[in-house]
Each structure stands twice: as C-alpha cells, then as structure tokens.
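Given next are the chains, with one letter for each unit.
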Amino acid sequence: MRLIVLEEVESTQDIARGYALEGAPEGTAVLALRQVKGRGRSGNTWVSPAGVNLALSWILRPDTPPQKAPLLGLLVSIAVAGVAEEFLRRPALLKWPNDVLLDDKKVAGILCEASLENGAISSIIVGVGLNVNSDESDFPPELHGRVTSLFMASGRQFDLEDIARRLLDQFFLLYDRAKSEGTDFIPLCWENRWAHRGAVLVREDVRGTAQGIGPDGSLILKTGDGTVIHITSGIVVPEAPRPEMKDETIKNTE
Ligand code: BTN
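Remember, predicted model here, so these are calculated numbers, not experimental data.

(A) Inspection of the pairing of strand S13 (residues 228-231) at higher detail. By the bridge criterion, four bridges tie strand S12 (residues 219-223) to S13 in an arrangement that is antiparallel. Residue Leu219 lies in a different strand from S13, and its bridge partner there is Ile231. Where S12 folds back on S13, the antiparallel hairpin that results is connected by four residues, among which Gly226 adopts a positive phi of roughly 90°.

(B) The packing of aromatic side chains, seen in detail. Counted by the stated rule, this structure contains six aromatic pairs. Arranged with centres 5.2 Å apart and planes meeting at 55°, the rings of Trp58 and Phe171 form a pair that is tilted. With Trp58 in strand S5 (residues 54-60) and Phe171 in helix H4 (residues 160-181), this residue pair connects regions lying 113 residues apart in the sequence. A relative accessible area of 0% places Phe171 in the buried class.

(C) Local environment of the pattern of salt bridges. Scanning the entire structure with this criterion turns up 14 salt bridges. One salt bridge connects Asp169 with Arg166, and the closest N-O pair in it is separated by 3.9 Å. Residue Asp169 and its partner Arg166 are located together in helix H4, separated by three residues, close to a single helical turn. Measuring nitrogen to oxygen at the nearest pair gives 2.6 Å for the salt bridge that ties Arg207 to Glu239. With a gap of 32 residues between them, Arg207 in strand S11 (residues 206-213) and Glu239 in the segment after strand S14 (237-238) connect regions that are remote in the sequence. Judged by its relative accessible area of 42%, Arg207 falls in the partly exposed class. Residue Glu239 is classed as partly exposed on the basis of its relative accessible area, which comes to 31%. Each of the salt bridges in this network shares a partner with another, and the network as a whole consists of Asp14, Arg39 and Glu113.

(D) Representation of unusual backbone geometry within the structure. Of note, the bond from Trp96 into Pro97 is cis; its omega dihedral lies within 30 degrees of zero at 0°. Mapped onto the elements, Pro97 comes out in the loop between strand S6 (93-95) and strand S7 (99-102). A positive phi is found at Arg89, a non-glycine position, where the angle reads about 60°. Within the secondary structure, Arg89 is located in the loop between helix H2 (70-88) and S6. Residue class for Arg89 comes out exposed when judged on its relative accessible area of 71%. Of note in this structure, Asp103 is not a glycine but carries a positive phi near 55°. Note on placement: Asp103 falls in the loop between S7 and strand S8 (105-117).

(E) Inspection of the site of the ligand at higher detail. The full set close to the ligand counts 20 residues, and Ser11, Gln35, Arg39, Arg41 and Lys106 are the nearest of them. Between Gln35 and the ligand, the recorded distance is 2.9 Å, taken from a side-chain N or O atom to a nitrogen atom. About the coverage of the ligand: the protein hides 97% of its 410 Å² of free accessible area. Structurally, the ligand is housed in the largest pocket. Only helix H1 (12-21), strand S3 (38-39), S5, S8 and strand S9 (120-130) provide two or more residues apiece to the shell around the ligand. For the shell around the ligand, the element with the most residues is S8, which contributes four residues. Tallied by class, residues from the shell around the ligand come to six nonpolar, ten polar and four charged.

(F) Examining the packing of H2 against H4 more closely. The interhelical angle for the contact between H2 and H4, taken along N-to-C directions, is 135°, at an axis separation of 9 Å. Considering the angle they form, H2 stands oblique to H4. Note on packing geometry: the crossing formed by H2 with H4 is right-handed. Residue-level contacts link Leu72, Leu75, Val76, Ile78, Ala79, Val80, Gly82, Val83, Glu86 and Phe87 of H2 to Asp162, Ile163, Arg166, Leu167, Gln170, Phe171, Leu174 and Tyr175 of H4. Each residue belonging to the contact of H2 with H4 can be placed in one class, and the counts come to 13 nonpolar, two polar and three charged.

What counts, and at which threshold
- Residues numbered from 1 in each chain as written.
- Predicted model: local features only at pLDDT ≥ 70, side-chain atom pairs only at ≥ 80, totals over all residues.
- Heavy atoms only, no water.
- Pairing = 2+ DSSP bridges.
- Helix = DSSP H or I, 4+ residues; strand = E, 2+ residues; numbered from the N terminus.
- Phe/Tyr/Trp six-rings, centres within 6.5 Å; stacked < 30°, edge-to-face > 60°.
- Buried < 20%, exposed > 50% of the residue type's maximum accessible area, 1.4 Å probe, protein only.
- Salt bridge = Lys/Arg side-chain N within 4 Å of Asp/Glu carboxyl O.
- Near = heavy atom within 4 Å.
- Polar contact = N/O pair within 3.5 Å; in protein donor to acceptor, adjacent residues only side chain to side chain.
- Areas by Shrake-Rupley, 256 points an atom, 1.4 Å probe, with all protein chains shown as cover.
- 1 Å grid on protein atoms, 1.4 Å probe; cavity = no way out; pocket = protein on both sides within 12 Å on 5 of 7 lines; lining within 4 Å.
- Sits in = over half its atoms within 2 Å of the grid points.
- Nonpolar A, V, L, I, M, F, W, Y, C, P; charged D, E, K, R; others polar.
- Axes fitted to C-alpha atoms, helices over the stretch in contact; angles between N-to-C directions.
- Parallel < 35°, antiparallel > 145°, perpendicular 65-115°, else oblique.
- Left-handed = near helix turned anticlockwise from the far one by under 90°.
- Contact = heavy atoms within 4.5 Å.

Written as structure tokens, this is what we have:
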C-alpha cells in the first residue's frame, strides 16, 4: 500500500484515476487535506469543509465480474464503520448501499467508480468521504441535523492521516479475506451493522419492508402485496413517520 498525501485537490477520485491510468498498482491511495470539488453518488457534489475531513481515494484492480462490484462498496462501508467504532468506541451503523451513520446522521459516504475494458473491470477507484473534525457550522444549513462528524459525536479531534492508514489496513484485511474465501461473508457482516432491518423503506417508485442483502449486494424488500424485489440502484430512505394526531385541547369554560 502506498499513501500519497496532497495539500489540496479538486477531487481525490480524479487524482487516483490519473495514477491508475499510468499503471499504478492496487492499493495506491490518495489523501487530500483539502478537497474543493468532491463528487458524491448519483451525480451529487460532496460537501466537505476544507481542511477538516477525510477525503481519500484508492485504486483496486479486482478479479471480479462487474455484477459483483457493488459488494466492494459494501466492504468499504464495513471497514469505515469499523474504523469509526475503533476511534470512538461506540457503534456505527450502515444505510444501504454504503452510507455510514452515527446517531442516525450521515458521517461518511462512499463512491466507487469502475473502468471497464472488454466487459471486465480494469480498475475501481474507491472514494471515502468521512467527516472527522468538522462542526455543524462547517456544513451548509440544509445539511444541519442530517450530518455528523467524529468530532461532533465525541468532542475529540483526530489526525486525518492516522485515520486514513487505519482505514486502508482494515479495508485490505477484509478484501484479502474476500479474495481467499469468497464474498459470502460480506452481506452477513454488512447486515450486522444495518440501521434499517425490518424498517419500511421507500425509493421513488417502490415501498417495502427491508428483508436483507442479496449475495450480489442488492437490497431485498418485501412490498405490500408480498412480492420480494431486489433493488440495485437509487436512493432508498426510511419512510417518514406519519405526523401524530394531536389531542384536541379540552378547555374548561366554566
Ligand atoms: C456519497 O455521495 O455519499 C459519496 C461521497 C464520496 C465522497 C468522497 S471524498 C473522497 C472522494 N473524492 C471525491 O470526489 N469523492 C469521494
């Protein structure tokens, strides 16, 4: 593993992709102390206040069919949750496919970008954005109450490079395990940290009870009519609780 630490970049994904194109080996990682144009999933931007959070990308060259690539994202989220737990000494949970939650708020997001050659994966750039030393005021108001950081959850500050090295170690332990024994353990390990097992989850077009994670990393839902479906993409969120009926105030007029 080689960790390249850079002062400021637009996106660590692009830097790591550049190294991959030059032939850099699996495990080459790029940590930016400031990332000013981070990318998130589904074409979103990744808001990361400068200088306080982890922006880390690394190169994988897995011998995996593209249909199994989502399992790698799950594997990364297990490693990120493990590291958050190790530093905070309290549980971190997961939201499908690979958000990491503390106190039901997002503390980390993961983006995996694959390059294919003749239908096979030539490389995957794994990107992890982990909120480390940021305070709520470092985020735009629309994210307040929905995001957190290791600092907000513990009152303690952490060294970004320490976290990056620990995360890469934890991830590659799991990755080597998947290489030697296969990927069956990944959905099971992921489900052990799942924040929403049994919850009603909704995507724009579907609503169902969360049953489990398939062997390909898909989300298994049971819809109202009992049909079991496998979701492989999109933003899926827990159904908002219905507003409670308020008791009418009974006024004593006497
Ligand atoms: C998400 O939308 O939840 C995924 C966010 C991924 C952000 C990370 S930060 C490091 C790497 N560089 C980027 O531009 N994006 C990823």
